[in-house]
Amino acid sequence: MSSSDLARVVGVRVWIARALRPRAFAATFGCALLTVLLFCGCGLGPGPTPGGVRLAVSEGFGAHVLGSSSSPHVEGQQTVMSLLQRNYDVKTRYGGGFVQSIDGHSGGTQAGEPVDWFYYVNGVEAPKGAAETNVGAGERIWWDLHNWGQTDSVPAVVGSYPEPFLNGIEGKRYPLREECSEPSGAACATVRKRLTALGVPVALAAVSSEEVQLTLRVVVGPYSALGDSLSVHDVAAGPRYSGVYARFSGSGGTLTLLDGAGRAVRTLGAGAGLVAATRYGEQAPVWLITGTNAAGVNLAADALSESELRNRFALALEPSGMAQPVPVAQP
């Protein structure tokens with residue numbers, strides 16, 4: 001397939017995905033459009049208090065953490081919205097379905113760019129409004145205020161690791177498959193060790209171009225060796241297609257890092273790595289442990305840890321081993 005053909009295919013794919021899935025923050029309008037909010041499930045319901053919930057609030061794609069708690073105040077069954085309101089000063093619009101500000105940090109416009117609040121559950125952009133989504137046991141809820149001028153959808157992020165591998169997505173746990181360009185290589189072994197340490201079974205396979213709806217995939221290898229899966233090629237197409245603010249060259253030999261406005265900040269060559277996640281429609285996310293060559297993939301594999309990935313939308317590794325959050329933070 002030529003690069004122009006691939007671009008057309010990816011473009012159609014993204015158009016369909018966006019048509020089927022509303023913007024994360026726009027979806028919160030759903031309850032407000034009804035005359036009685038209670039009828040769409042916006043209120044609290046009876047039920048047990050979910051345990052092990054974590055709540056984080058940040059801005060600038062995780063660059064500035066405004067609050068983080070491994071034990072937020074939870075009382076009875078909570079929605080994502082009610083959990084936020086119990087723990088922060090929240091102002092809403094559109095009948096309470098849309099978050100306007102958290103502790104005084106407001107959506108709107110910054111430096112001429114649109115910014116708004118988005119939320120993620122276990123590292124996945126939620127398909128419904130916060131007032132319609134119940135909080136499950138062990139879930140990691142993350143709100144972030146960021147620029148959406150480049151894309152209004154970042155479908156998956158790595159900053160809630162070890163989720164979604166432990167508790168899944170929307171209450172569903174998916175089979176986990178590690179796909180490696182070199183199954184006997186060091187990077188593949190490192191990733192497998194980290195994943196099995198979570199206590200979840202991991203199937204090992206060669207890299208596949210198949211998009212698997214009900215399987216969490218972790219794809220390991222140099223970008224040039226990851227085949228022609230659309231989830232892989234989306235990264236080369238930029239954030240409008242993948243939600244990842246980094247772009248590989250066609251050969252995979254360079255990795256360009258972008259800021260939140262989509263501007264190129266730095267281009268890395270041999271030895272650069274990337275840990276990122278993306279998602280197509282309602283399929284399970286695909287995680288990429290990749291790089292410009294084998295050395296970069298090894299750096300990315302070593303970065304697969306909670307301490308390295310916390311509050312990162314994606315993480316690039318410079319050839320020196322220095323970690324660079326992606327998108328690159330603006331001054």
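Residues numbered from 1 in each chain as written. Predicted model: local features only at pLDDT ≥ 70, side-chain atom pairs only at ≥ 80, totals over all residues. Heavy atoms only, no water.

Turning our eyes to something else, we now look at the overall build of the protein chain. Helix and strand content of the protein chain: eight helices and 19 strands. Burial status across the protein chain gives 52% buried among its 331 residues. Of the contacts formed within the protein chain by residues at least 6 apart in sequence, a portion of 65% connects residues at least 24 apart. Per element, the accessible surface of the protein chain, about 13,500 Å² overall, is 53% carbon and sulfur. (Helix = DSSP H or I, 4+ residues; strand = E, 2+ residues; numbered from the N terminus. Buried < 20%, exposed > 50% of the residue type's maximum accessible area, 1.4 Å probe, protein only. Contact = heavy atoms within 4.5 Å. Areas by Shrake-Rupley, 256 points an atom, 1.4 Å probe, with all protein chains shown as cover.)

The interhelical angle for the contact between helix α4 (residues 186-196) and helix α7 (residues 294-302), taken along N-to-C directions, is 10 degrees, at an axis separation of 9 Å. Relative to α7, the element α4 lies roughly parallel. Each of A186, A187, T190, V191 and R194 in α4 lies in contact with α7, whose residues at this interface are V297, N298, A301 and D302. In terms of residue class, the contact of α4 with α7 is built from five nonpolar, two polar and two charged. (Axes fitted to C-alpha atoms, helices over the stretch in contact; angles between N-to-C directions. Parallel < 35°, antiparallel > 145°, perpendicular 65-115°, else oblique. Nonpolar A, V, L, I, M, F, W, Y, C, P; charged D, E, K, R; others polar.)

Another point: the pairing of strand β15 (residues 264-268). When strand β14 (residues 255-258) meets β15, the two strands line up antiparallel, connected through four bridges. Note that in β15 the partner of L257 across the bridge is R266. Between β14 and β15, which pair antiparallel and follow one another directly, the connecting turn spans five residues, one of which, G262, has a positive phi of 85 degrees. (Pairing = 2+ DSSP bridges.)

Here we take up the layout of surface pockets. Gaps left between atoms show up when a probe the size of a water molecule is rolled over them. By volume, the largest pocket amounts to about 390 Å³. Lining the largest pocket are 19 residues, with G60, Q110, V115, N147 and Q330 positioned closest to its centre. Among the secondary structure elements, those contributing two or more residues to the lining of the largest pocket are β7 (113-121) and β9 (140-147). With three residues, β9 is the largest single contributor of residues to the lining of the largest pocket. (1 Å grid on protein atoms, 1.4 Å probe; cavity = no way out; pocket = protein on both sides within 12 Å on 5 of 7 lines; lining within 4 Å. Points joined across faces, edges and corners; volume = space filled by probe spheres on them.)

Keep in mind these numbers describe shape, not what the thing actually does.
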